[in-house]
Amino acid sequence: MRRGGEAWLRRGGGAGKSPPRMCVAMTVLVAGTVWLCASSVGLVGAPYSRYRVQDADVNKLWTTAGSDGWRASSAPRSYWPSPPAVTNGYLRVRCNGGLNQQRSAICNAVVAARIMNATLVLPELDTNSFWRDESGFPGIYDVPHFLKTLKYDVRIVTSLPEITSKGKTKKMKAHQIRPPRDAPLSWYTTIALEEMKKYGAIYLTPFSHRLAEDIDDPELQRLRCRVNYHALRFKPHIMKISNEIVSMLRSEGHFMSIHLRFEMDMLAFAGCIDIFTPEEQKILIKYRKENFAEKKLVYKERRLIGKCPLTPEEVGLILRAIGFANSTHIYLASGEIFGGDRFMTPFRTMFPRLDNHSSVGPEKLEENARGLAGSAVDYMVCLLSDIFVPTYDGPSNFANNLMGHRLYYGFRTTITPNRRSLAPIFMDREEGHVTGFEDRVRQVMFKTHFGGPHKRIHPESFYTNSWPECFCHMNPKNPAGKCPPDDVSEVLDGQLQNEETADADLKTTDKIESTTETEETMI
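What you see is a predicted model, and the numbers here were worked out from it, not measured in a lab.

Describing unusual backbone geometry
Of note, the bond from Thr205 into Pro206 is cis; its omega dihedral lies within 30 degrees of zero at -5°. Considering the arrangement of structural elements, one finds Pro206 in the loop between strand E9 (201-204) and helix H6 (218-231). Here the residue pair His458 and Pro459 is connected by a cis peptide bond, since its omega of 10° sits within 30 degrees of zero. For Pro459, the location among the structural elements is in the loop between helix H17 (437-445) and strand E14 (471-473). Backbone geometry at Asn117 places phi at a positive 50°, although glycine is not the residue there. Secondary-structure assignment places Asn117 in the loop between helix H1 (99-116) and strand E3 (119-121).

Structure, rendered in structure tokens:
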């Protein structure tokens, strides 16, 4: 199903089909690598110097990464009471930014409502400024599923209630507050809570990165995972379109998804403009001045510290060095490539079997291909792909959340280029030093964990890697640490039933004691 305007995606002739899909395996073996446990908790990563990269079997990358005995679990491990019937007030939030920022903001809003004992108003999505899309939360996410999944965690309403004052009925107003960036839990339980009790409702805006990621409470971190990976489900029509695209791609064998973040906003933000024409540089400089704080950025310095997005050609060179054939089927999740065909041609020459949601998706998606729905479809296709390659995993990037979701969704293979380590290799190549180029690229690339469980080290985000808080070991040394049931609702429903039974027993006991006291008085 191909349409005009997709010339840069068209396949080259004679591209063969991918090999038949392999069964999902528990371990990815790269370069004869022996994955060692770094400690009793199962950290992955052995010294790489003992392995020969030329022996790597790229076919093993089409399976899932090694789990090392871990599986995803965001169910509470300790007592987790249901939200009380009476709360301290209402919490409104406006989630700004792209899809990743909005998802993490929603997770943070639920945590904030929980610790404040607040009733959460269905989060608002700031769609107009970024997406030019007025879909909002109900247009993208499955609201009934969201409410049902979180019923044991927080009270949620779809809008603020109406109040009657001086005989007139009107919508309750929320007091607006600009929360500090990465605010600690204490800000919410003191300053924000005081304002909520004073006004009855508060409106936190903007709400991107307004709650610290590092929280010393694993139960609250698991709540974030329940929101992100269970409650936030896209609407049925988005899920249907995504599954149709995945089925079409899978009908031809394995497929890889790539988030090609070579777009004007990211290039302007990163300050990586020297490779463009003078006219293109003017456009990027103008965009940066209008949208970002003024800062002197030197291209070479930025590139050497890994702050520049990879070019499409560099992505192609990396994949070819790893050993992927030019028949590899690739799904591209990206906006408009800045510089257009001039940058896409080298990549398309190396890997001609390219698709995106416009080339394989149904016609009805075209109306909103550049809005939230298109981004949501890209998200789901990338989540379900055999391999995912993020080319720029910045702190506020689409790929950031997606990598964490793939980790949670069964350690699905992710190939993450280390831009800082690769930069000098590409710069040498540009100066004509090509000897050993592919060997050097492989040496860098095969040091990655490929999506397996690994320790989170700053600046890696919790939303990129929720291990170990949102995982459990299937064969723990201590039986008390065994995995809870897969169904989070089963765990929380069991706790609620225990509470109700205990309350009923307490009432029965109170009644018996009261009756006894009455009888004794009568005697």
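Brief notes about the environment of Met239
In this structure, Met239 sits in helix H7 (residues 236-250). Classification of Met239 as partly exposed rests on a relative accessible area of 22%. Taking the C-alpha atoms as reference, Met239 lies 7.5 Å from Val377; in sequence the two are 138 residues apart. Look past the residues within four positions of Met239 in its chain and what remains in contact with it is Arg233, Phe234 and Met380.

Structural notes on the side chain of Arg353
Position of Arg353 among the secondary structure elements: in the loop between helix H12 (341-350) and strand E12 (354-355). On the basis of relative accessibility, which here comes to 2%, the residue Arg353 falls in the buried class. In this structure the side chain of Arg353 is engaged in a polar contact, spanning 3.5 Å, whose partner is the side chain of His329.

Let's talk about the pattern of salt bridges
As enumerated under the stated definition, the model contains 21 salt bridges in all. One salt bridge connects Glu263 with Arg261, and the closest N-O pair in it is separated by 2.3 Å. Summarising the burial analysis for this pair, Glu263 and Arg261 share the class buried. For the salt bridge of Arg442 with Asp439, the shortest nitrogen-to-oxygen distance reads 2.3 Å. Taken as a pair, Arg442 and Asp439 lie in helix H17 at a separation of three residues, close to a single helical turn. Via salt bridges that share partners, Arg320, Glu438, Asp439 and Arg442 belong to a single interconnected network.

Some details on the state of the cysteines
Counted by the stated rule, this structure contains three disulfides. One disulfide bridge connects Cys225 with Cys470, the sulfur atoms lying 2.0 Å from each other. Handedness of the Cys225-Cys470 disulfide follows from its S-S torsion of about 95°: it is right-handed. Here Cys225, found in helix H6, pairs with Cys470, found in the loop between H17 and E14; they are 245 residues apart in sequence, far enough to count as distant. Since its relative accessible area comes to 0%, Cys470 is described here as buried. The side chain of Cys272 participates in a disulfide bridge whose partner is Cys308; the two sulfur atoms lie 2.0 Å from each other.

Considerations on the packing of H1 against H6
In contact at an axis separation of 9 Å, H1 and H6 are set at 130° when each is read in the N-to-C sense. Here H1 is positioned oblique relative to H6, judged by the angle of their axes. The two elements H1 and H6 cross, and the hand of that crossing is right-handed. Where H1 abuts H6, its residues Arg103, Ile106, Cys107, Asn108, Val110, Val111, Arg114 and Ile115 lie against Leu220, Leu223, Arg224, Val227 and Asn228. Along the lines of polarity and charge, the residues of the contact of H1 with H6 split into eight nonpolar, two polar and three charged.

Here we look at the packing of aromatic side chains
Following the criterion strictly, the structure yields 21 aromatic pairs and no others. Aromatic pair Trp62 and Phe324: ring centres 5.7 Å apart, planes at 85°, arrangement edge-to-face. Note that Trp62 is positioned in the segment before strand E1 (70-72) and Phe324 in the loop between helix H11 (312-322) and strand E11 (330-333), a separation of 262 residues in sequence. The residues Trp62 and Phe324 share a single accessibility class, namely buried. For the pair Phe137 and Tyr141, a centre-to-centre distance of 5.1 Å together with 45° between the ring planes defines the contact as tilted. With relative accessibility at 1%, the residue Phe137 sits in the buried group. An aromatic cluster of three or more residues is present, and its members are Phe137, Tyr141, Phe146, Phe234, Tyr379 and Phe398. The ring of Tyr203 has Arg92 lying over it, and the distance from NZ or CZ to the ring centre is 3.8 Å.

Cut-off values and rules
Residues numbered from 1 in each chain as written. Predicted model: local features only at pLDDT ≥ 70, side-chain atom pairs only at ≥ 80, totals over all residues. Heavy atoms only, no water. Helix = DSSP H or I, 4+ residues; strand = E, 2+ residues; numbered from the N terminus. Buried < 20%, exposed > 50% of the residue type's maximum accessible area, 1.4 Å probe, protein only. Contact = heavy atoms within 4.5 Å. Polar contact = N/O pair within 3.5 Å; in protein donor to acceptor, adjacent residues only side chain to side chain. Salt bridge = Lys/Arg side-chain N within 4 Å of Asp/Glu carboxyl O. Disulfide = S-S within 2.5 Å. Axes fitted to C-alpha atoms, helices over the stretch in contact; angles between N-to-C directions. Parallel < 35°, antiparallel > 145°, perpendicular 65-115°, else oblique. Left-handed = near helix turned anticlockwise from the far one by under 90°. Nonpolar A, V, L, I, M, F, W, Y, C, P; charged D, E, K, R; others polar. Phe/Tyr/Trp six-rings, centres within 6.5 Å; stacked < 30°, edge-to-face > 60°. Lys NZ or Arg CZ within 6 Å of the ring centre and 35° of its normal.

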